[in-house]
Amino acid sequence: MNNNYDIIVIGGGHAGIEAACVAERAGAKTALITLKIDKIGEMSCNPAIGGLAKGNIVCEIDAMGGLMGQAADATGIQFRILNRSKGPAVWGYRCQSDKIQYAKFTQNFLKNLRNLHIIEAEATEILTENNKITGLKLADGSLLNAPAIVLTSGTFLNGIIHVGKEQFPAGRLGEQPSKSLSSSLKQLGLEIGRLKTGTCPRLLKNSIDYDKCTPQPGDDPPIPFSMLTKKIDRQQTPCHITETNPETHKIIRDNLDDLPLYSGQIKSTGPRYCPSIEVKIVRFKDRNKHQIYLEPESLQSEWIYCNGLATSIPKKLQEKMVHSINGLENAKIAQFGYAIEYDFIPPNQLNPDLQTKKIAGLFTAGQINGTSGYEEAAGQGLLAGINAIQYIKNKEPLVLARDLAYIGVMIDDIVTKGITEPYRMFTSRAEFRISLRADSAERRLTTIAKKLDIIDDERWSQHLKWEKQRKEFREQLKKQKYQNTSAEHWLKNPQNNFDELKENLPQNAFAPFDEKIQSQIVADIKYEGYLKKETQAAKKLHQLDSVRIPENCDFNEIPGLRRECQEKLNQIKPKTLSQASRISGITPADIMVIMINLKKSS
Ligand code: FAD
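### Some thoughts on the packing of helix α1 (residues 14-25) against helix α10 (residues 374-392)
When two helices pack together, their arrangement is captured by the angle between the axes and the distance separating the axes.
Then step 1. The N-to-C vectors of α1 and α10 enclose an angle of 30°; their axes lie 7 Å apart at closest approach. Relative to α10, α1 is oriented roughly parallel. In the crossing of α1 with α10, the sense of the turn from one axis to the other is right-handed. Here H14, A15, E18, A19, V22, A23 and R25 of α1 come into contact with α10, specifically with Y374, A377, A378, G381, L382, G385, I386 and I389.
Then step 2. Looking at the contact of α1 with α10 residue by residue, the class counts come to 10 nonpolar, 3 polar and 2 charged.

Below you can see the structure in the form of structure tokens.
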């Protein structure tokens, strides 16, 4: 066997899939090492893709040729745009996935990639020479050679599962953890931290009394994520809503001393914005109910995922808690909820291209970087894969600016600010969210992907077709007259809506244009003022972006900087003045001091 590769990807989760696919698309001879091939694309937690801000990430991945959107479209069993009552800037594209089919789809896709070698094995040691990647050692002793590695090992590094007082090593339930890789990373000089996440119990479908729950249907027609998907043809299915009640809350409160999160058994920090039910009940004392979404895991499975009920309380209490909920009085638990603690790499050890500062050629992406969520993992996987290619080709890395992509915001946040709890994407993290609408992902990113030669012909011709339509549709709005003004001008009034225009103008006026293009342009017109403001703010950001800080800059040598500020800057080693300005605790006055010193020394 020829063991020489251009890029090795460790992990077949959501980050690893995108990294492997993009590396292969770019023509790199790629190896994907994963613990179990039939677990590639597994959804460890909720059977869903997208959501607020996360949906934008999926569209961005798709716009750059990635797989997640296509896989979600092919296997989605309920599609809904969240926040639809608000403007499109904060819409969240989301689908309920058939998780069995989702994993199969990704596995089949990967197996058909010519330049990708999938190897079922445990990666145990990262091999380097002079702080540069040379290859990887597997548990059976075999060696693979490559100048770049993308590490995406998820929750598997020294994973420990907790259910009540029970504790056991695992990567996720039913899978062995990865035990050696963390030591190898430590030996390379990387600092390792510890985080926690959790999942909810799964119930048997037939044991739920759906008459007591509120059905929640999807959108009709379902709106896909991918620019390649014309229409969703799969059978769709509703979810159901129920809620906790004072009795549920009492069960938790009466037993706090026995709960791993409160007894001191779990020591690491979990996601503040996605708390377990016990944390919600303790933290929000005044609330006497929390919504629970009953989500089918697959059309082929009897399992129902209880979204909102993530927990690590003892099994007996889980049963009591579930049975206290309306509609779940007789529910049978198919799998108990659990928490998992795992090792991660605090991401302030990474450069903005997701390469570790210590080891050249070692890129990391996904849960190992302290994020949580499939979409966050996939977005980083894509960028880490792209930058591994750029690295081996000795080309400039791709860093997506904060006004260009949610993926850019996420990576900038984690590498610049570091993390103290699992990082999850929200719309509120993005200061340019009008520019980062889900429906503008292809406009923002497909040309960049084309320049990098990582986009397929189908996406590129779709992009060109839509570019043409956007221009022509805008012209048409300028030409068409309504109420003594142009349709374009009329639409600028926030009270006026496009449906009225369509009803009153000749039917063929807009017929040649895809509905998607029509709504994009109408949103552009409606948001024009905000978009201008964002563009101006982005200009300022780019001015600071263009001031590069030399790699060997010693901030201790800059007079006038506070000691605390020097320490932080030396730790993060920002690449630009703009990145420095986003480090917590760094003030505009500090930036001014650095700028003056950079000017003096240039
Ligand atoms: P994973 O999807 O975990 O994939 C890791 C891959 O690495 C696996 O294929 C594994 O086989 C492989 N691997 C690991 N070590 C090795 C090795 N040494 N050699 C070879 N292969 C290796 N996300 C949310 O958004 N919300 C939640 O509420 C949520 N709850 C979660 C609860 C639990 C219990 C778990 C386990 C995860 C939860 N997640 C949640 C997180 C979500 O599953 C992850 O964010 C996402 O799957 C991360 O993707 P990833 O690619 O980084 O890693």
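### Notes on the layout of surface pockets
Then step 1. When its volume is computed, the second largest pocket comes out at roughly 1300 Å³.
Then step 2. Forming the walls of the second largest pocket are 42 residues, and the residues nearest its centre are Y93, I223, E515, K516 and S519.
Then step 3. Elements supplying a minimum of two residues to the lining of the second largest pocket: α2 (54-63), α12 (441-451), α13 (457-479), α15 (498-504) and α16 (515-526).
Then step 4. The greatest single-element share of the lining of the second largest pocket, amounting to 8 residues, is contributed by α16.
Then step 5. A class-by-class count of the residues in the lining of the second largest pocket yields 20 nonpolar, 8 polar and 14 charged.

### Let's talk about the sheet that holds strand β18 (residues 303-307)
Then step 1. Pairing in this open sheet of 6 strands is antiparallel, and the strands run β15-β16-β17-β18-β14-β19 from one edge to the other. Strands at the two margins of the open sheet, each flanked by one partner only, are β15 (214-216) and β19 (333-335). Here the strands of the sheet are splayed against their neighbours by 35° on average, with no regard to which way each runs.
Then step 2. The sheet contact formed by β15 and strand β16 (residues 239-243) spans 3 bridges and is antiparallel. Residue pairing across strands places Q216 opposite C239, the latter belonging to β16.

### Describing the site of the ligand
Then step 1. In the neighbourhood of the ligand, 35 residues make up the surrounding shell, with A15, A123, S178, Q367 and G373 lying closest.
Then step 2. Here an oxygen atom of the ligand and a side-chain polar atom of S44 are 3.3 Å apart.
Then step 3. Between A123 and the ligand, the recorded distance is 2.9 Å, taken from a backbone N or O atom to a nitrogen atom.
Then step 4. The fraction of the free accessible surface of the ligand (990 Å²) that becomes covered by protein chains is 97%.
Then step 5. Sorting the residues of the shell around the ligand by element identifies α1, β2 (30-34), β13 (193-199), β20 (338-344) and α10 as the ones contributing at least two each.
Then step 6. Of the residues forming the shell around the ligand, the biggest block, 3 residues, is contributed by β13.
Then step 7. Here the residues of the shell around the ligand are counted per class, giving 14 nonpolar, 18 polar and 3 charged.

### A short note on the nonpolar core
Then step 1. Core analysis: the biggest nonpolar cluster contains 82 residues, and I7, I49, F225 and I407 have the highest contact counts within it.
Then step 2. The element contributing the most residues to this core is α10, with 9 residues.
Then step 3. Y5, L144, I149 and I345 belong to the second largest nonpolar core, which has 26 residues in total.

### Focus on the pattern of salt bridges
Then step 1. Taken as a whole and judged by the stated rule, the model has 36 salt bridges.
Then step 2. Two residues, K212 and E329, come together in a salt bridge whose shortest N-O distance is 3.2 Å. Placement of the pair is K212 in the loop between β14 (202-204) and β15 and E329 in the loop between α9 (315-323) and β19, with a sequence separation of 117 residues.
Then step 3. Accessibility expressed as a relative area gives 40% for K212, which makes it partly exposed.
Then step 4. Given the relative accessible area of 30%, E329 is considered partly exposed.

### Section: the packing of aromatic side chains
Then step 1. Tallied over the entire structure, the rule returns 8 aromatic pairs.
Then step 2. When the centroid spacing of 6.0 Å and the interplanar angle of 70° are considered together, the rings of F363 and Y391 count as edge-to-face. You can see F363 sitting in strand β21 (residues 362-364) and its partner Y391 sitting in helix α10, a full 28 residues away along the chain.
Then step 3. Judged by centre distance (5.3 Å) and plane angle (55°), the rings of F498 and F510 are tilted. Note that F498 is positioned in helix α15 and F510 in the loop between α15 and α16, a separation of 12 residues in sequence. Of the two residues, F498 and F510, both sit in the buried class.

### Some thoughts on the side chain of T197
Then step 1. When you line up the elements, T197 lands in strand β13.
Then step 2. Each residue touching T197, except ones within four places of it in the same chain, is listed here: T155, P271, Y338, A339, I340, Y342 and Q367.

### Section: helix α4 (residues 99-111)
Then step 1. The end-to-end C-alpha separation of α4 is 18 Å, in line with the 18 Å expected for 13 residues at 1.5 Å each.
Then step 2. Looking only at α4, the buried set comprises K99, Y102, A103, T106, Q107 and L110. Down the axis of α4, the sector holding all buried residues measures 130°, keeping them to one side.

Analysis parameters
- Residues numbered from 1 in each chain as written.
- Predicted model: local features only at pLDDT ≥ 70, side-chain atom pairs only at ≥ 80, totals over all residues.
- Heavy atoms only, no water.
- Axes fitted to C-alpha atoms, helices over the stretch in contact; angles between N-to-C directions.
- Helix = DSSP H or I, 4+ residues; strand = E, 2+ residues; numbered from the N terminus.
- Parallel < 35°, antiparallel > 145°, perpendicular 65-115°, else oblique.
- Left-handed = near helix turned anticlockwise from the far one by under 90°.
- Contact = heavy atoms within 4.5 Å.
- Nonpolar A, V, L, I, M, F, W, Y, C, P; charged D, E, K, R; others polar.
- 1 Å grid on protein atoms, 1.4 Å probe; cavity = no way out; pocket = protein on both sides within 12 Å on 5 of 7 lines; lining within 4 Å.
- Points joined across faces, edges and corners; volume = space filled by probe spheres on them.
- Pairing = 2+ DSSP bridges.
- Near = heavy atom within 4 Å.
- Polar contact = N/O pair within 3.5 Å; in protein donor to acceptor, adjacent residues only side chain to side chain.
- Areas by Shrake-Rupley, 256 points an atom, 1.4 Å probe, with all protein chains shown as cover.
- Core = buried A, V, L, I, M, F, W, Y, C linked by side-chain atoms within 4.5 Å.
- Buried < 20%, exposed > 50% of the residue type's maximum accessible area, 1.4 Å probe, protein only.
- Salt bridge = Lys/Arg side-chain N within 4 Å of Asp/Glu carboxyl O.
- Phe/Tyr/Trp six-rings, centres within 6.5 Å; stacked < 30°, edge-to-face > 60°.
- Expected span 1.5 Å × (residues − 1).
- Arc of directions from axis to C-beta.

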